[in-house]
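Fold and contact review
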Amino acid sequence: MNTDFDFSSVTGGMVYVKPVEVADLPAAVREQIEGTEQLFSVHDPEGQQLALVADRRLAFDLARQHDYAPQAVH
C-alpha cells in the first residue's frame, strides 16, 4: 500500500502523528493491510491525512525527511 503525496503542499512546518486502528479504516484500505492491527497516520495542521504508515518511527522519519516537525497526538 503506497500512495505518493506531495508534502510540499503542506504549510506551517508541523504535522501530527496519531495511531489508527486498522479496523476503523475503510474496507478498501483494510484489504491492502495484512498482519497488523494498528497503523500511524500523518496529518497536516488542518487535519487532512497526508500519509498512513506501518509504525510510529516511520511516521516521524517521514515527516522529518520532508522538513516538518512531527508532534504526537494521543
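Structural data are supplied above this passage.
Note that this is a predicted model, so its numbers are computed, not measured.

Counting 12 residues, the largest nonpolar core is built from Val15, Val17, Phe40, Val42, Leu50, Ala51, Val53, Ala59, Phe60, Leu62, Ala63 and Tyr68. Among the secondary structure elements, those contributing two or more residues to this core are strand 1 (14-21), strand 2 (38-43), strand 3 (49-53) and helix 2 (56-65). Here the element with the most residues in this core is helix 2; it accounts for four residues. Among the nonpolar cores identified, the runner-up in size contains seven residues, and Val20, Val29, Leu39 and Leu52 belong to it.

Pairing within the open sheet is mixed, and its four strands lie in the order 3-2-1-4. Edge positions in the sheet fall to strand 3 and strand 4 (69-72), since each of these pairs with one other strand and no more. Put simply, the sheet's adjacent strands are angled 30 degrees from each other on average, direction ignored. Summarising the sheet, strand 1 and strand 4 pair through four bridges and their orientation is parallel. Bridge assignment links Val17 to a residue of strand 4, and that residue is Ala72. Across the sheet, helix 2 touches strand 1, strand 2, strand 3 and strand 4, and the angle it forms with strand 4 is around 150 degrees.

Taking burial as the measure, the five residues of strand 3 include four buried ones, the bulk of the element. When strand 2 meets strand 3, the two strands line up antiparallel, connected through four bridges. Bridged to Phe40 within strand 3 is Val53. What sits between strand 2 and strand 3 in their antiparallel hairpin is a turn of five residues, with Gly47 showing a positive phi close to 95 degrees.

Calculation notes
Residues numbered from 1 in each chain as written. Predicted model: local features only at pLDDT ≥ 70, side-chain atom pairs only at ≥ 80, totals over all residues. Heavy atoms only, no water. Core = buried A, V, L, I, M, F, W, Y, C linked by side-chain atoms within 4.5 Å. Buried < 20%, exposed > 50% of the residue type's maximum accessible area, 1.4 Å probe, protein only. Helix = DSSP H or I, 4+ residues; strand = E, 2+ residues; numbered from the N terminus. Pairing = 2+ DSSP bridges. Axes fitted to C-alpha atoms, helices over the stretch in contact; angles between N-to-C directions. Contact = heavy atoms within 4.5 Å.

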